[in-house]
Amino acid sequence: MSQWLTKVIDVAQENQDFLAPVRQQAITQLQQAGWPSQRAEQWRFTPLTPLKDRTFSHAQATDSVSVPEIPGLDAIDIVFNNGTLVTSLDELALPQGVSIVSFAQANAQQQDDIKTLFGRIKPQAHVFGQINDALSHHGVMIDVADHAEITPVIRLINLTSADSDNHTRALVKLGQHSHAKVLEFGQGEHDSMNTAVAEYSIGDHASLEHYRFAFYTANAKAVGGTHFKLGESSNLNSTVVGYGSQLSRLDIDIWHSAENAFAKLNAIYLLAEGELFDLHTCIEHAQPNGTSEENARGIIGDGARAVFNGRIHIHRDAQKTLAEMNNRNLLLSRRALVNTKPELEIYADDVKCAHGATVAEIEGSELFYLLSRGISRQKALVMLNFGFIQELVNDIPNKAIASWLQPKLSERFAHMEVK
Amino acid sequence: MLSIKNLHASVEEKDIIRGLNLEVKPGEVHAIMGPNGAGKSTLGYVLSGREGYSVSEGDATLNGKNLMEMEIEERAREGMFLAFQYPVEIPGVSNMEFMKESVNAIRQQRGEEALTAAEFLKKAKDACKQVQLPLDFLKRGVNEGFSGGEKKRNEIMQMILLEPSLCILDESDSGLDIDALQVVADGVNSQRDGKRSFVVITHYQRLLDYIKPDFVHILAEGKIVKSGDASLALEVEKSGYGFLGKKYEGETA
Amino acid sequence: MSEQIEQALSRKYEAGFYSEIEAETFENGLDESVIRRLSAMKNEPEWMLEWRLKAYRAWLEMEEPDWAHVNYPKIDFQAISYYSAPKSMKDKPKSLDEVDPELLRTYEKLGIPLHEQEMLAGVAVDAVFDSVSVVTTFREKLEKAGVIFCPISEALQKYPDLVKKYIGSVVPRTDNYYAALNCAVFTDGSFVYIPKGVRCPMELSTYFRINEQNTGQFERTLIVADEGSHVSYLEGCTAPQRDENQLHAAVVELVAMDNATIKYSTVQNWYPGDEEGKGGIYNFVTKRGICHTNAKISWTQVETGSAITWKYPSCVLKGDNSVGEFYSVALTRGAQQADTGTKMIHMGKNTRSTIISKGISAGKSNNAYRGLVKMGPKADGARNFTQCDSLLIGDKCGAHTFPYIESRNPSAIVEHEATTSKVSDDQMFLCQQRGLDPEKAVSMIVNGFCKEVFKELPMEFAVEAGKLLEISLEGSVG
């Protein structure tokens, strides 16, 4: 057992609330399973050593937090700092059709609603999900009414100070035929740790535009998850951006729980020197006529390591599924490393399923073309490498978010050297 | 040759053919025209035995044998050939091996010796030439990567090779330009020998300029509503399918 | 339509007969004394015994791997006999005339006549029956070319230095659980050495036959192709139909020195068990080759048998410009389970590898491709292309793909593609409309799906593989 996990369990057992039974279940599982071995398939390529025997101070929320400004974005901000909800939800000006309540303030009815979502969408067997189950006393439930069209982007912002940890939960429920936009943003200071988990239940015919930006760098650690359950004929469009850090891991699960749902997932990761980013995605096609499209693209700098594990699981009943997954990686140095595993598990015969993965350098002919136009080699490589990331940026539905993200990525990339 | 009496057929419990009668004698060419959704393609599928098409009433015989009691391949061996509107691809199986199996299965049924590789090759090459398909199409996978026009010509090539007694051409003209249409029609006409019969299913009259029918039938809502000679097709071309009722006004032929 | 396909798939196993041959078989069970006895019987040098014992001791400490996508009850290694040989083999026959006629008949029944004059010229056969090699044909002709092709037990007597130098050099003793077990108890297998610059004048092949009940087969094949040489090697396998599972844990090591080429083809048709999964061979095999500079190793496999297949023929591309290839057809039906694929370890510059895997799943079977492509930091300009295609027949089977890709080199290119398809109703309808019966139609479509792999097989085997697939897909029509 790790010192950190021992402390987690101690802390968890001290605090109890209306979610106690679920939390206790998670604690028991953690006690039984213990610290994951590196031989476990889930952690084969991502060493947990930086975390294993660390202890974090239980920092209070700081007086002022600086929330990232996205120019031109109509946003509703919900901010967590060091594990504490610092936004006063009562003071938020919410459009009609959406309600947001914290776990602490939930009335009896709301508590029941929370219980029907909490831990019900996220897969059970994930150590850090269980840790979040045990510790996420600060959380919110966002409830979008049937047929409601929520135009502002609801931002869930997780900020963690140095040496602190942060375990928060967001539960999002979209009623039938509703539409909402949610952006999850995470950032941590020196040697912090975050396990933010979000669970989404997307109702029949509802659509969700979703973002998760994991901007952890240096030794800010994060192991989080976003988990979607798709209702009949629902629509999900999700964009994930990951920077790398000493330990940055994100699990995305998309569960086609009813027929005819559509899911699109684009993921971008840019890893600078020495960083790690591990993206595990799992698309469960449990029902017929579902469609999923996944594109994960990354650039891996000197001494950095990218891990991509993309799984598509087509259940026996999920006939007529269309599922496509593609992963592309570029290594900028011979000290960069990528481990990619696009897996398919198929139990239905009438499906169209394809996946691909490439690890490549830039096409010689493309490079030649740029060089022949007088562009320097270094610059040409940068331009060409960035192009395939740019395609996914261009695909972001919200223009304000895309324009804000674009220079951030370019800047980050500009500091990465082709060696 | 082909005799259809009061045929009723449905797809997914939807009635498509509703009491169709047709007599095709040896050597005759019958054109079946009709507006979209009349049941033209369904007729081809029902006669050839495609799964999912169920016959609830009536019967159809080929050379006196009840078609409805035969498996798909038995009908084929009996001499029925369906030229598909949308021929499917079979990756990795070459046209050549496919046709060789097919030709020999049909020859066996007729009590004929299997063709030797050399004999078959010669026939296959001739058939290719006749529809102006390059010979390397024999080596390529069945319809694999073929253009629309190439697929249609490939169907006619197969028809020439298999020497069927009854050919059903399902919209063999769709998607073809005039030159390709001419090639397809020439291929078909070369097979008219006074004994072989043809059922030409088409939406447009234009094909019938090239393949001259003895009889033209108008199929609408699952029945033959009008029959005549080649002039009927021209008439329909001139005035469209509007005469069938309000719903078909403006639909040209 | 799918019912017809199912029907077309119900197969009978043609190699399922048992031969009445008096055998000498060890008591069930495994300990050091069994290994000593085995080694003594074969009159092995002392170092070989030591090597086996080291492997055995390591094996005792190891755990059975559980990562493959297969399920089976725990194997009781004490309930297996580790040696069985026809009694008539005790005094090794000097020529074919001295071989027990019943043995020869067994191979004839399998379509492998061992009388040289009856054989296809151009294929030399080593026939391994349970734990021993029965006969090796065309030895004189091969010897003239300087090629050594003999049972490995004989090689240990005649060419101990060669064996000592290379055995375990590609698959180390403790490589994995089953390989370690094989090192401890392997009984026989083939040894091939092709001298420098020699192009082996004929195809070499080994036919493995398990006959006795409750025996395990643990053969070991070692092929060394010296600089600039060339060899094509084939193996085939069958076993009688029984209700119990039997273990087959083989190790194959290939060494391709500079500029050498080894082509290794397998048509694996061990008894697969019945429709419900009763009986059948557990085929847990470790195959690996090492390529030195400019060398090439090409694995081709057609896997239709075994209750469980666990097998990853691999290439270590150590030398610059070396080439590794893996072409595989794996057909599972009934309750069969296959977890098979390859590893391509790129170490040298400009190394190339190609992986083409065709998995066909029918019945209640599960068919998984598992592969690793690894680009080391020094593998500048290395390339890999992988294509994994799955064909599902029916809706009770599973098709899975687990490709692991690891790259540490920015100039290396790895491409992986996977697709899934089924035998479509439209394809079946077209074939039947052209007069083919459903069985022929399925087998033709499946053969078409596998074409890229079949064309890699040596001619004699391509025909056999096609036939095998056809038999596997054959229904009531004889």
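Keep in mind the model is a prediction, meaning the values are calculated, not measured.

(A) Summary view of the overall build of chain C. If you tally the helices and strands in chain C, you get 11 helices and 23 strands. Of the contacts formed within chain C by residues at least 6 apart in sequence, a portion of 83% connects residues at least 24 apart. Roughly 16,300 Å² of accessible area belongs to chain C as shown, and the carbon and sulfur atoms make up 48% of that amount.

(B) Representation of the sheet that holds strand β4 (residues 53-62) of chain B. All names here are of chain B. One open sheet holds the four strands; their spatial order is β2-β1-β4-β5, and the pairing between them is antiparallel. Strands at the two margins of the open sheet, each flanked by one partner only, are β2 (14-24) and β5 (65-66). Relative to β4, strand β1 (residues 2-11) is paired through eight bridges, and the arrangement is antiparallel. In the strand pairing of β4, Ser-10 is matched with Ser-54. Lying over the sheet, helix α1 (residues 40-48) contacts β1, β2 and β4, oriented at roughly 105° with respect to β1.

(C) Spatial organisation of the UniProt feature "domain: SUF system FeS cluster assembly SufBD N-terminal" (unreviewed entry) in chain C. Taken from the UniProt record, the annotation "domain: SUF system FeS cluster assembly SufBD N-terminal" (unreviewed entry) applies to residues 144-200 of chain C. As a span, residues 144-200 of chain C carries 42% helix and 16% strand, and end to end its C-alpha atoms are 11 Å apart.

(D) Representation of the pattern of salt bridges. Residue and element names in this part refer to chain A. With the rule as written, the count across this model stands at 57 salt bridges over all chains. Of the charged contacts, one joins Asp-191 and Arg-54 as a salt bridge, the two residues approaching to 3.0 Å between their closest N and O atoms. In this pair, Asp-191 sits in the loop between β8 (179-188) and β9 (193-194) while Arg-54 sits in the loop between α3 (49-52) and β1 (75-81), placing the two residues 137 residues apart along the sequence. Residue classification places Asp-191 among the buried positions, given a relative accessible area of 13%. What you see here is one network of salt bridges that share partners, running through Glu-41, Arg-44, Glu-284, Arg-311, Lys-341, Glu-343 and Glu-345.

(E) Focus on unusual backbone geometry. Even without glycine at this site, A:Lys320 takes up a positive phi of about 65°. Of note, A:Lys320 is situated in the loop between β18 (305-314) and β19 (322-331). In the Ramachandran plot, C:Asn294 falls in the positive-phi region, its phi being about 60° despite a non-glycine side chain. Considering the arrangement of structural elements, one finds C:Asn294 in the loop between β13 (280-291) and β14 (296-303).

(F) Quick peek at the layout of surface pockets. Empty space within the second largest pocket amounts to approximately 1,100 Å³. Lining of the second largest pocket is provided by 33 residues; of these, A:Lys352, C:Thr420, C:Ser421, C:Lys422 and C:Ser424 occupy positions nearest its centre. Of all the secondary structure elements, the ones that give two or more residues to the lining of the second largest pocket are β19 and β21 (352-360) of chain A, β7 (90-94) of chain B together with β21 (383-392), β23 (413-422), α9 (425-433) and α10 (438-454) of chain C. With five residues, α10(C) is the largest single contributor of residues to the lining of the second largest pocket. Considering only residue class, the lining of the second largest pocket consists of 10 nonpolar, 10 polar and 13 charged.

(G) Just the pairing of strand β17 (residues 323-332) of chain C, in detail. All names here are of chain C. Of all the 10 residues making up β17, nine are buried; the element is thus mostly covered by neighbouring parts of the structure. As judged from the eight bridges shared by β14 and β17, these two strands associate in the parallel manner. Counted as the bridge partner of Lys-296 is Val-323 from β17. Bridge count between β17 and strand β19 (residues 352-361): 10 bridges; the pairing is parallel. Residue pairing for β19: Val-323 is matched across the bridge by Arg-352.

(H) Expanded view of the nonpolar core. Ranked by internal contacts, the top residues of the largest apolar core, which has 105 residues, are B:Ile4, B:Leu47, B:Phe98, B:Leu169 and C:Ile360. Ranked by the residues each element gives to this core, the list is headed by α10(C), at nine residues. Not counting chain neighbours up to four residues away, the residues in contact with B:Ile4 comprise B:Leu20, B:Asn21, B:Leu22, B:Leu43, B:Leu47, B:Asp59 and B:Ala60. Core analysis: the next-biggest nonpolar cluster, separate from the first, contains 103 residues, A:Phe80, C:Ile223, C:Cys291 and C:Leu317 among them.

(I) Structural detail: the packing of aromatic side chains. Scanning all chains against the criterion turns up 37 aromatic pairs over all chains. Measuring from ring centre to ring centre gives 5.0 Å for C:Tyr178 and C:Trp310, while their planes differ by 75°; the resulting arrangement is edge-to-face. Taken as a pair, C:Tyr178 in helix α8 (residues 177-185) and C:Trp310 in strand β15 (residues 308-311) lie far apart in primary sequence, 132 residues in all. When sorted by exposure, C:Tyr178 lands in the same class as C:Trp310, which is buried. Feature note: the residues C:Tyr56, C:Trp59, C:Trp67, C:Tyr72, C:Phe77, C:Tyr177, C:Tyr178, C:Tyr282, C:Phe284, C:Trp310 and C:Tyr312 constitute an aromatic cluster, connected by ring pairs. Its guanidinium or amino end placed over the ring of B:Phe243, B:Lys226 lies 5.1 Å from that ring's centre, counting from NZ or CZ. The ring centre of C:Phe26 lies 3.9 Å from the NZ or CZ of C:Arg37, which sits over that ring.

(J) Layout of the interface of chain B and chain C. Listed per partner, the contact involves 33 residues of chain B and 21 residues of chain C. A combined buried area of about 2,200 Å² lies between chain B and chain C, and 61% of that area is made up of carbon and sulfur atoms. Linking chain B to chain C there are five salt bridges. Note that B:Glu155 is salt-bridged to C:Arg434, the shortest N-O span being 2.6 Å. Viewed at the interface, chain C and chain B are joined by 13 residue pairs in polar contact (both at pLDDT 80 or more). Of all elements in the fold, only α1, α2 (72-77), β6 (80-83), β7, α3 (95-109) and α5 (148-162) of chain B reach the threshold of two or more residues within the side of chain B that touches chain C. Tallying contributions element by element places α3(B) first for the side of chain B that touches chain C, with seven residues. Per-class residue counts for the side of chain B that touches chain C are 17 nonpolar, seven polar and nine charged.

(K) Region of interest: the interface of chain C and chain A. Every contact between the two is made by 35 residues of chain C and, on the other side, 34 residues of chain A. For the pair chain C and chain A, the two sides together bury roughly 2,800 Å², of which 49% comes from carbon and sulfur. It is C:Tyr404, C:Pro410 and C:Thr420 that lose the most area in chain C upon contact with chain A, and together they represent 21% of the buried surface on that side. One can count two salt bridges joining chain C with chain A.

About the thresholds
- Residues numbered from 1 in each chain as written.
- Chains lettered and ligands numbered in written order.
- Predicted model: local features only at pLDDT ≥ 70, side-chain atom pairs only at ≥ 80, totals over all residues.
- Heavy atoms only, no water.
- Helix = DSSP H or I, 4+ residues; strand = E, 2+ residues; numbered from the N terminus.
- Contact = heavy atoms within 4.5 Å.
- Areas by Shrake-Rupley, 256 points an atom, 1.4 Å probe, with all protein chains shown as cover.
- Pairing = 2+ DSSP bridges.
- Axes fitted to C-alpha atoms, helices over the stretch in contact; angles between N-to-C directions.
- UniProt positions renumbered as here; feature names shortened; annotations may be inferred.
- Salt bridge = Lys/Arg side-chain N within 4 Å of Asp/Glu carboxyl O.
- Buried < 20%, exposed > 50% of the residue type's maximum accessible area, 1.4 Å probe, protein only.
- 1 Å grid on protein atoms, 1.4 Å probe; cavity = no way out; pocket = protein on both sides within 12 Å on 5 of 7 lines; lining within 4 Å.
- Points joined across faces, edges and corners; volume = space filled by probe spheres on them.
- Nonpolar A, V, L, I, M, F, W, Y, C, P; charged D, E, K, R; others polar.
- Core = buried A, V, L, I, M, F, W, Y, C linked by side-chain atoms within 4.5 Å.
- Phe/Tyr/Trp six-rings, centres within 6.5 Å; stacked < 30°, edge-to-face > 60°.
- Lys NZ or Arg CZ within 6 Å of the ring centre and 35° of its normal.
- Buried area = accessible area lost by both parts, 1.4 Å probe.
- Polar contact = N/O pair within 3.5 Å; in protein donor to acceptor, adjacent residues only side chain to side chain.

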